[in-house]
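Single-letter residue listing:
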Amino acid sequence: MPGKQYELRRQRLREAAGDPANISKLTWGDIRSRKVLDSSISGALAGSGKSGTIPGLATGAVMCGLFQWAFNEFDILRISHVSQVVHTQPVPVIPAVPVPTYSLAVAAPEPPKTLTDRIFAVFGHRISDEEYLNRVKAQRDHHLRRIEQLERERGEKRET
């Protein structure tokens, strides 16, 4: 593993210098193991002390290695999310005037919960869609009033 990390660092230095030769693809495993060994070694050195040298070394190495691995996993999640968002189609624009439709109400399947919804549900913070819509509308109205006020002030400055 350290050999692979060393090679990746050398490759980045070569790319920065402008030498595109021997460019290999970065894999998920490379991202998962990035700097784990470095963090484990530095954690072991930071965790060692006079009285509990061996337990301090072990605890520091394990904890820092796990934290680095977790950080790398979040990096993979971020990359996956960004790549999915980039490749999705744009949302169609809803017409300004609603068109009356006469159809029977059919229960639509509930969409899967997003990550933020699941996190908020863990902490017990959940607002309804109507409450969220009201908040967003209030913010929009506030911003529209502010824009109108600024346009009036700009018009008064032009007149004087």
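Residues numbered from 1 in each chain as written. Predicted model: local features only at pLDDT ≥ 70, side-chain atom pairs only at ≥ 80, totals over all residues. Heavy atoms only, no water.

### Some points on the pattern of salt bridges
Taken as a whole, this structure holds 6 salt bridges when the rule is applied. R34 is the salt-bridge partner of D75, the closest N and O atoms lying 2.6 Å from each other. Of this pair, D75 sits in helix α4 (residues 53-86) while R34 is found in the loop between α2 (28-33) and α3 (36-47), placing the two residues 41 residues apart along the sequence. The shortest N-O distance in the salt bridge between E131 and R135 comes to 3.2 Å. You can see E131 and its partner R135 sitting in helix α6 (residues 129-159), 4 residues apart, about one turn around the helix. A relative accessible area of 45% means that R135 is categorised as partly exposed. Counted as one network, the salt bridges with shared partners bring together R34, D75 and R78. (Salt bridge = Lys/Arg side-chain N within 4 Å of Asp/Glu carboxyl O. Helix = DSSP H or I, 4+ residues; strand = E, 2+ residues; numbered from the N terminus. Buried < 20%, exposed > 50% of the residue type's maximum accessible area, 1.4 Å probe, protein only.)

### Notes on the layout of surface pockets
Of the pockets and cavities examined, the second largest pocket occupies roughly 280 Å³. The wall of the second largest pocket is formed by F74, L77, S80, H81, Q84, V85 and L115. Broken down by element, the residue count for the lining of the second largest pocket peaks at 6 residues, all from α4. Partitioning the lining of the second largest pocket into residue classes produces 4 nonpolar, 3 polar and no charged. (1 Å grid on protein atoms, 1.4 Å probe; cavity = no way out; pocket = protein on both sides within 12 Å on 5 of 7 lines; lining within 4 Å. Points joined across faces, edges and corners; volume = space filled by probe spheres on them. Nonpolar A, V, L, I, M, F, W, Y, C, P; charged D, E, K, R; others polar.)

### Looking at a nonpolar patch on the surface
A surface patch of nonpolar side chains, about 570 Å² in accessible area, is lined by L115, I119, F120, V122 and F123. Following the sequence through the fold, L115 ends up in helix α5 (residues 115-123). (Patch = residues over 30% accessible without salt bridge, like charges linked within 9 Å, V, L, I, M, F, W, Y side chains within 5 Å. Areas by Shrake-Rupley, 256 points an atom, 1.4 Å probe, with all protein chains shown as cover.)

### Re the confidence of the model for the chain
Per-residue confidence for the chain averages 77 on the pLDDT scale, and 72% of its residues sit at or above 70. Looking across the chain, the model is least confident in helix α1 (residues 2-17), with a mean pLDDT of 69, and most confident in α6, with 90. (pLDDT = per-residue confidence, 0-100.)

### As for the side chain of N72
Secondary-structure assignment places N72 in helix α4. The exposure class assigned to N72 is buried, which follows from its relative accessible area of 1%.

### What about the environment of G43?
Relative to the assigned elements, G43 resides in helix α3. Overall, G43 belongs to the buried group, its relative accessible area being 2%. Between the alpha carbons of G43 and A61 there is a distance of 4.7 Å; along the sequence they are 18 residues apart. Leaving out residues up to four positions away in the same chain, G43 has contacts with G60, A61 and C64. (Contact = heavy atoms within 4.5 Å.)

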